[in-house]
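# Overview (structure and organization)
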Amino acid sequence: MLRQITAATAAILLLSFPVAAHKVIEPGLNDKIVKGVFSANPETRWNRLQQRDGNYQEIWTIDGDRLNRVVFYGGVPVGEPLVRERDKKRDPLPEVTGNMLLPDIPLLLERTYRTKYGIAIMAIGRQEPATLDGRPAIAFDYTFIDPEYEVETKGEAIAALDNGRLYLVAFEAPSVFYFNRDVQKFRDLVKTVSLTR
Amino acid sequence: MRRAAFCAGAGLAALLPLAASAAEELPLLPPYVAAYEPQSVDERGMWMMADEQEKLWALSELRVDDEELNAYVERVLCETVGKDRCSGVRIHILNVPAFNATMSPNGAMTVWSGLLLRVRTEAQLAAVLGHEFAHFEMRHSLKGFEQRRSASDASAWLGVLGGFAQVNTGDAQVSLVGSIFQFNRGQETEADLLGLKYLAQSAYPSRAASEVWQQLMEESDATAFGRKIKKRDTYRAGFFDTHPTSLSRADYLLDQALAYNDAGDPRSKEHYEAIQKHLPKFLADQVKLNDFNGTEYILSGIAGTTGWTGELLHARAELFAARGNPRDLITSTTLYLQAMDAGYRPPETLRGLGLSLVKSGKRSEGARYLEDYLAILPDAPDAAIIKMYVPK
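The rules behind the values
- Residues numbered from 1 in each chain as written.
- Chains lettered and ligands numbered in written order.
- Predicted model: local features only at pLDDT ≥ 70, side-chain atom pairs only at ≥ 80, totals over all residues.
- Helix = DSSP H or I, 4+ residues; strand = E, 2+ residues; numbered from the N terminus.
- Contact = placed C-beta atoms within 7 Å.
- Buried ≥ 20, exposed ≤ 12 C-beta atoms within 10 Å, placed from the backbone.
- Pairing = 2+ DSSP bridges.
- Core = buried A, V, L, I, M, F, W, Y, C linked by C-beta atoms within 7 Å.
- Domains from an automatic or database assignment.
- pLDDT = per-residue confidence, 0-100.
- Nonpolar A, V, L, I, M, F, W, Y, C, P; charged D, E, K, R; others polar.
- Axes fitted to C-alpha atoms, helices over the stretch in contact; angles between N-to-C directions.
- Left-handed = near helix turned anticlockwise from the far one by under 90°.
- Expected span 1.5 Å × (residues − 1).
- Arc of directions from axis to C-beta.
- Bend = angle between axes of the 7 residues up to and from the residue.
- Parallel < 35°, antiparallel > 145°, perpendicular 65-115°, else oblique.

Looking only at helices and strands, one finds 19 helices and three strands in chain B. Contacts in chain B between residues far apart in sequence, at least 24 positions, make up 69% of those at least 6 positions apart.

Structure, rendered in structure tokens:
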């Protein structure tokens, strides 16, 4: 009997406190992005996802990871990959290199996606000079086919190299409906992004 | 829908005429029945699933929509297993940069772009297609399903290379191509040996089957060497392994091929002519995977047949440029120049060369090639960012 009560209590606790707790990001200054690497001043509400793929990443979304997401990669140093490696020895990922140029960043993202997520179809589109918090940056577009559901996802990103570290903020959403609906919110958000260190 | 022609050892069987020429006992192929329809509840269910999967492949973004390439693979299959048998198969070529082919019980076969890149002759392609067709002919999907009523084995060819995750073979990629019909170790050996019989009966030399496994092992070793880890291949199949080891396969396939003592033209030149149009893309997809030594092995293997063509030199240059150590940039610069000397001058070569030079500190030389790139493609999607490296 005691065992049944304990099990029931455990079940109730699990239901009450979901393990993957996400956090609402209210409009206003937020200076804790990727452990304080970025700050931003969003005008709209976002949700910060609990899951992240490595120490240098933070994901915000409106409706869910696969529907619209802003991914911050903050301060990735030379010699480190953008996302966590499944197995550093057996499945190493491409890394940030010391002599990278801005046009190398879209290729780094593509190689990372192809290697880590098994994405077989990915294309980089427009690549233009830009600024990220006053630093020279590259703005670029890309598309890829989600290998699991074969949904075409569009991406728009801005990235800079500063002091041997890579900073990248990307928006990704399905080409159908979600990208066009939400990309302006991303563009508005990016205008408020600054690098805090 | 055109239904599969099938051999099942049934009463209606008609023996294929054997156009054999080898000296030693030539293998008899199993009897063959055309227009086979699924019989049991299990089999009908599997066919229904396979039909649904095939509809997805037909519409898939991953499908390489090229009639000529499809016709090439179909021709190789038909020349391997015979015209009657191959008429029951539909081939779907998928743009996935890994070595694999799959066979569904309804006669739908997928061939991945990574396979077309890695096989070096028509005969090697025939060996893989014959192996997959043998699974189909022996109705292994059904037998395996009935035996296990669950599918959890790794698919055949990915076993060797998939361990290094050239693609994410663990989940997404495999689920995408629907490898729900998988086989166990005994079935793999059966398919190996029947596949070898097809080869021995065909105009291709049957030793090509062993070559495929040798090359897979060598590529796997090259990848392991590059990552400074122990070679992955084991020399003895464990109790729970679903497939014979690559070494034992290479070994028994070679032994049997020697016993057949058949000869034939492996048709290497024809293979590279058939994939020529797609080769730059197949190479680019491979180079973008983070496997320097494995990719070097593949490139050298192709060069062993075709020589170092402009396409191969460009791909090798991209490989070095992507790794990006200072010494790599010197090598990539040399390779881009060699590709151009070989007459290969697409805009991407000029771009790669220009950026390699800029990164090596030779800005003005790099700018010259980047200017050439912009002159050819003034509206390139990256024109604006490349202009940053060209002085006004």
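This part is about the overall build of chain A. A tally of helices and strands in chain A yields three helices and eleven strands. Taken from the N to the C terminus, the helices and strands of chain A come in the order α-β-β-β-β-β-β-α-β-β-β-β-α-β. In chain A, which comprises 197 residues, the proportion classed as buried is 37%. Of the contacts made within chain A by residues no fewer than 6 positions apart, 44% connect residues no fewer than 24 positions apart.

Another point: the pairing of strand S10 (residues 165–174) of chain A. Residues and elements named next belong to chain A. Burial within S10 is extensive, with seven of its ten residues counted as buried. Sheet topology note: the strand S9 (residues 152–162)/S10 ladder contains ten bridges and is antiparallel. Bridge pairing in S10 places Glu156 opposite Phe171. What sits between S9 and S10 in their antiparallel hairpin is a turn of two residues, with Asn163 showing a positive phi close to 55 degrees.

Here we come to the nonpolar core. Within the largest apolar cluster, 135 residues are counted, with the highest numbers of intra-cluster contacts made by Tyr73, Ala159 and Leu166 of chain A together with Leu77, Val111, Ala126 and Leu199 of chain B. The element contributing the most residues to this core is helix H5 (residues 122–137) of chain B, with nine residues. Each of domain 1 (41–260) and domain 2 (308–389) of chain B accounts for three or more of the residues forming this core. When residues no more than four places from it in sequence are discounted, the contact partners of Leu166 of chain A are Tyr73, Val76, Val96, Ile105, Ala159 and Leu161 of chain A.

Residues and elements named next belong to chain A. Bridge analysis of strand S2 (residues 30–33) against strand S3 (residues 38–40) gives two bridges, and the strand direction is antiparallel. Paired with Ile33 across the strands is Phe38, a residue of S3. Connecting S2 to the next strand, S3, in antiparallel fashion are four residues, including Val34 with a positive phi near 45 degrees.

Another point: the confidence of the model for chain A. Residues and elements named next belong to chain A. The predicted model of chain A averages 90 in pLDDT, with 89% of residues at 70 or higher. Per-element averaging of pLDDT across chain A places helix H1 (residues 2–16) at the bottom with 53 and S10 at the top with 98. Between residues 13–19, whose pLDDT stays under 50, and residues either more than four places distant or in other chains, the model counts zero contacts.

Quick look at the interface of chain B and chain A now. Facing 30 residues of chain B, the contacting portion of chain A comprises 29 residues. Of all the secondary structure elements, the ones that give two or more residues to the side of chain B that touches chain A are helix H8 (172–176), helix H17 (347–359) and helix H19 (383–386) of chain B. Considered class by class, the residues forming the side of chain B that touches chain A number 18 nonpolar, seven polar and five charged.

With that settled, the discussion passes to the packing of helix H9 (residues 185–201) of chain B against helix H11 (residues 246–260) of chain B. Residues and elements named next belong to chain B. In the contact formed by H9 and H11, the axes pass within 11 Å of each other and the chain directions differ by 35 degrees. The hand of the H9/H11 crossing is right-handed. Listed contacts from H11 to Asp192, Leu193, Leu196 and Ala200 of H9 are Arg249, Leu253, Gln256, Ala257 and Tyr260. The residue inventory of the contact of H9 with H11, partitioned by class, reads six nonpolar, one polar and two charged.

Residue and element names in this part refer to chain B. Over its 19 residues, helix H1 (residues 41–59) runs 28 Å from end to end, which matches the ideal 27 Å to within 8%, given 1.5 Å per residue. Taken together, the buried positions of H1 are occupied by Met46, Trp47, Ala50, Gln53 and Trp57. Looking down the long axis of H1, one finds its buried residues gathered within 130 degrees of arc, a one-sided arrangement. Opposite the packed face of H1, turned more than 90 degrees from it, sit the exposed residues Val41, Arg44, Met48, Glu52, Lys55 and Leu59.

Here the focus is the environment of Glu296 of chain B. Mapped onto the fold, Glu296 of chain B is located in helix H14 (residues 292–306). Here Glu296 of chain B is in contact with Ala222 and Leu319 of chain B, once residues within four sequence places are set aside.

Turning to helix H3 (residues 178–191) of chain A, a few remarks are in order. Residue and element names in this part refer to chain A. The terminal C-alpha atoms of H3, which comprises 14 residues, lie 20 Å apart, in line with the 20 Å expected from a rise of 1.5 Å per residue. Of all the bends in H3, the greatest measures close to 25 degrees and is centred on Gln184. Looking only at H3, the buried set comprises Tyr178, Phe179, Asp182, Phe186 and Val190. Of the surrounding secondary structure, the elements contacted by the buried residues of H3 are strand S5 (57–64), strand S6 (68–77), S9 and S10.

Residue and element names in this part refer to chain B. Direction vectors running N to C along helix H10 (residues 208–226) and H14 enclose 140 degrees, while the axes themselves pass 6 Å from each other. When the axes of H10 and H14 are compared, the pair comes out oblique. Judged by the twist between their axes, the crossing of H10 over H14 is right-handed. For the pair formed by H10 and H14, the contact residues are Gln215, Glu218, Glu219, Ala222, Thr223, Phe225 and Gly226 on the first element and Phe292, Asn293, Gly294, Glu296, Tyr297, Ile298 and Gly301 on the second.

We now examine the sheet that holds strand S3 (residues 108–112) of chain B. All names here are of chain B. Strand order in the open sheet formed by three strands is S1-S3-S2, with mixed pairing between adjacent strands. Each of the sheet's edge strands pairs with one partner strand only, and the pair in question is strand S1 (90–94) and strand S2 (101–103). With direction set aside, neighbouring strand axes in the sheet form an average angle of 15 degrees. Bridge count for S1 against S3 is five bridges, and the pairing is parallel. Paired with Ile91 across the bridge in S3 is Met109. Of the strands in this sheet, S1 and S3 touch H1, which is tilted by about 40 degrees from S3. Strands S2 and S3 of the sheet are contacted by H5, whose axis makes an angle of about 20 degrees with S2.

Let us look at the sheet that holds strand S4 (residues 46–48) of chain A. Residue and element names in this part refer to chain A. If you walk across this open sheet you meet the eight strands as S1-S4-S5-S6-S10-S9-S8-S7, and the pairing is antiparallel. Both edges of this open sheet fall to strand S1 (23–25) and strand S7 (122–132), since each of them pairs with a single strand only. Neighbour-to-neighbour, the strand axes of this sheet turn through a mean angle of 25 degrees, independent of strand direction. As defined by bridge partners, S1 adjoins S4 across three bridges and the pair is classed as antiparallel. Residue pairing in the sheet places Val24 in a bridge with Asn47 of S4.

It is worth spelling out unusual backbone geometry at this point. Even without glycine at this site, Glu150 of chain A takes up a positive phi of about 55 degrees. With respect to the helices and strands, Glu150 of chain A occurs in the loop between strand S8 (135–145) and S9. Although it is not a glycine, Arg267 of chain B adopts a positive phi angle of roughly 55 degrees. Within the secondary structure layout, Arg267 of chain B lies in the loop between H11 and helix H12 (268–275). A count of 21 C-beta atoms within 10 Å places Arg267 of chain B in the buried class.

All right, on to the environment of Asn261 of chain B then. All names here are of chain B. On the secondary structure map, Asn261 appears in the loop between H11 and H12. Assessed through the 14 C-beta atoms surrounding it within 10 Å, Asn261 is described here as partly exposed. Remark: the alpha-carbon pair of Asn261 and Pro205, spanning 56 residues in sequence, is separated by 8.7 Å.

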